[in-house]
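If you want the building blocks of each chain, they are given just below.
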Amino acid sequence: MATSSPSEEQLSPNVQSSRPEINTTFKITAASSEHELPSTWQREYNTAVSAGLSSLVSTFVGFPFDSIKTRMQAYRFQSVLDCVMVTKKTEGINGFFRGVGAPMISVTIVRTLSFSIYAQCRATYTDALNRLLGEGYVVDPTGPVLITAEQKATPGPNLLRALPVYFMSGFTAGGFIALFSCPFEFTKLSTQIELLMARATHAALLDSSHAAPKYEPKGTLESFKDIIRKRGILGLYSGFRYHFARDALGTSLYFSVYESSKQLFSMYNPNGGPPGPLVIAISGGLCGIFSWAVLFPLDTMKSIVQRDILTRPPGTPIKKRPFQLFNPRMYRGLGVSIARTGLVNMTFFSIYEQLYKKL
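A short tour of the structure in this document, coming up. Only a predicted model underlies this, so the values are computations on that prediction, with no experimental measurement involved.

Secondary structure assignment for the protein chain yields 11 helices and 0 strands. Secondary structure of the protein chain in N-to-C order comes out as α-α-α-α-α-α-α-α-α-α-α. Residue burial in the protein chain is summarised as follows: out of 359 residues, 47% are buried. Within the protein chain, counting contacts between residues at least 6 apart in sequence, those at least 24 apart form 80% of the total.

Here you go:
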């Protein structure tokens, strides 16, 4: 949020004495309307609007990578290039964007909710921890707080004390949004692999055939209705436990790495000042890459289980699959997924931070 700089009389003496050392957001004690910090409502509005608009752009940019990743997880291809060539040959360019409608809606809503819930939880958990362990034990650098000279001189310990707050806030946000996002993700996966399922059924195999029979894709909305018609409303939550674990843990790591990277870059910035566009982009790329690299086997397991459900009639028992962490199959599509999440999150946070400041 862009505001003019507060005057000397409006800052705490402790802050004045050590201002050049590290950038932070200061609490303003005077009641001047020109220098007032944005209200809680204004910050929540800025967060929601910025996250929503940024998600629309970044989701569309990264969707072809996500489509290739899902296909490689659910079916067997020789390589990323083989998957790209087969998709292009059998489905055309539209094949890479098949199912984009569901995530354009769901990811935008999920990101908006996720960032709003995370910001609320971060403030709540910070206050709770400070009440328990003493005022000022944890300082949220993004909030309207008063930084003491001691905390400014030793920002590292404060970051370590804040990490549990970031992690638990992310876990709460991720767990909550999983309830909303699971039906959309299951629909997206169904749409992305419906032609592969049709070819596999035709060939009596669970692996893709390069000679595809003629098949008219249903599309996102028809896939959504077809799942409800065949499996009921709860069918949209097929594989939910894997989805919940991935989203809750993934969001925890996501926000923890982003917040930490941004602060670490600022701590060691010799020029001081807020994080610049390059720092924002790098921090966004790192948080996406790290969280996906750690949780990729769990995401693969989710895709395989949901594929098993989709390829069998409703009510048919699904074979239990052991979670094989060190099985190379669990890492199919990891490279393209890393490229996708790095690009998507660099794009997202670069747009998000700029929009938030302008709002």
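Our next topic: the packing of helix α10 (residues 277-310) against helix α11 (residues 334-358). Where α10 meets α11, the closest approach of the two axes is 7 Å, and the angle between their N-to-C directions is 145 degrees. Note that α10 runs across α11; the crossing there is right-handed. Of the residues in α11, those in contact with I280, A281, G284, G285, C287, G288, I289, W292, A293 and F296 of α10 are L334, S337, I338, R340, T341, G342, N345, M346, F349, S350 and E353. Broken down by class, the residue content of the contact of α10 with α11 amounts to 11 nonpolar, 8 polar and 2 charged.

For the structure shown, the criterion picks out 18 salt bridges. Note that D299 and K69 form a salt bridge whose closest N and O atoms lie 3.0 Å from each other. Pair noted here: D299 is in helix α10 and K69 is in helix α2 (residues 40-74), with a separation of 230 residues, a long-range link. For the pair formed by D299 and K69, the shared burial category is buried.

This part is about the nonpolar core. Soluble, globular proteins show a tendency: their nonpolar side chains are buried together. With 25 residues, the main nonpolar core has I68, Y75, F77, I193 and L310 as its most contacted residues. If you list the elements that add at least two residues to this core, you get α2, α3 (80-91), α6 (155-192), α7 (194-202), α9 (240-267) and α10. With 6 residues, the top contributor of residues to this core is α10. Beyond its immediate stretch of four places on either side in the chain, I193 contacts T70, A74, Y75, R307 and L310.

Note that S291 resides in helix α10. There is a polar contact of 2.8 Å between the side chain of S291 and the backbone oxygen of C287. Look past the residues within four positions of S291 in its chain and what remains in contact with it is G250, L253 and Y254.

Bringing the packing of aromatic side chains into the picture now. Under the criterion given, the structure shown has 18 aromatic pairs. Residues F115 and F255 carry aromatic rings whose centres are separated by 5.1 Å and whose planes lie at 70 degrees to one another, so their mutual orientation is edge-to-face. Pair noted here: F115 is in helix α4 (residues 101-133) and F255 is in helix α9, with a separation of 140 residues, a long-range link. Both residues of the pair, F115 and F255, belong to the buried class. Seen in terms of ring centroids, F180 and F184 are 5.1 Å apart; in terms of plane orientation they differ by 40 degrees. Their pairing is tilted.

Moving on to the packing of α9 against α10. Contact pair α9 / α10: the axes reach a minimum separation of 8 Å and the direction vectors enclose 165 degrees. Considering the angle they form, α9 stands roughly antiparallel to α10. Like other packed secondary-structure pairs, α9 and α10 cross with a definite hand, here right-handed. Here the residues of the contact of α9 with α10 sort into 20 nonpolar, 7 polar and 4 charged.

With respect to the helices and strands, the residue E185 is situated in helix α6. According to the relative accessible area criterion, E185 is buried, its value standing at 19%.

Further remarks concern the environment of P322. In this fold, P322 is placed in the loop between α10 and α11. Here P322 falls in the exposed class, since its relative accessible area comes to 55%. Between the C-alpha atom of P322 and that of M301, which follows or precedes it by 21 residues, the distance is 9.2 Å.

Before going further, it helps to spend a moment on α3. When the terminal C-alpha atoms of α3 are compared, their 16 Å separation across 12 residues agrees well with the 16 Å that a helix rising 1.5 Å per residue should span. One or two positions beyond α3, positive phi appears at G92, with a value near 75 degrees.

Take a nonpolar patch on the surface next. On the surface, a nonpolar cluster with roughly 360 Å² of combined accessible area is contributed by L53, L56, V57, V61 and L343. Per-element accounting of the nonpolar patch gives the leading share, 4 residues, to α2. By secondary structure assignment, the location of L56 is in helix α2. Classification of L56 as partly exposed rests on a relative accessible area of 36%.

Rules and cut-offs
- Residues numbered from 1 in each chain as written.
- Predicted model: local features only at pLDDT ≥ 70, side-chain atom pairs only at ≥ 80, totals over all residues.
- Heavy atoms only, no water.
- Helix = DSSP H or I, 4+ residues; strand = E, 2+ residues; numbered from the N terminus.
- Buried < 20%, exposed > 50% of the residue type's maximum accessible area, 1.4 Å probe, protein only.
- Contact = heavy atoms within 4.5 Å.
- Axes fitted to C-alpha atoms, helices over the stretch in contact; angles between N-to-C directions.
- Left-handed = near helix turned anticlockwise from the far one by under 90°.
- Nonpolar A, V, L, I, M, F, W, Y, C, P; charged D, E, K, R; others polar.
- Salt bridge = Lys/Arg side-chain N within 4 Å of Asp/Glu carboxyl O.
- Core = buried A, V, L, I, M, F, W, Y, C linked by side-chain atoms within 4.5 Å.
- Polar contact = N/O pair within 3.5 Å; in protein donor to acceptor, adjacent residues only side chain to side chain.
- Phe/Tyr/Trp six-rings, centres within 6.5 Å; stacked < 30°, edge-to-face > 60°.
- Parallel < 35°, antiparallel > 145°, perpendicular 65-115°, else oblique.
- Expected span 1.5 Å × (residues − 1).
- Patch = residues over 30% accessible without salt bridge, like charges linked within 9 Å, V, L, I, M, F, W, Y side chains within 5 Å.
- Areas by Shrake-Rupley, 256 points an atom, 1.4 Å probe, with all protein chains shown as cover.

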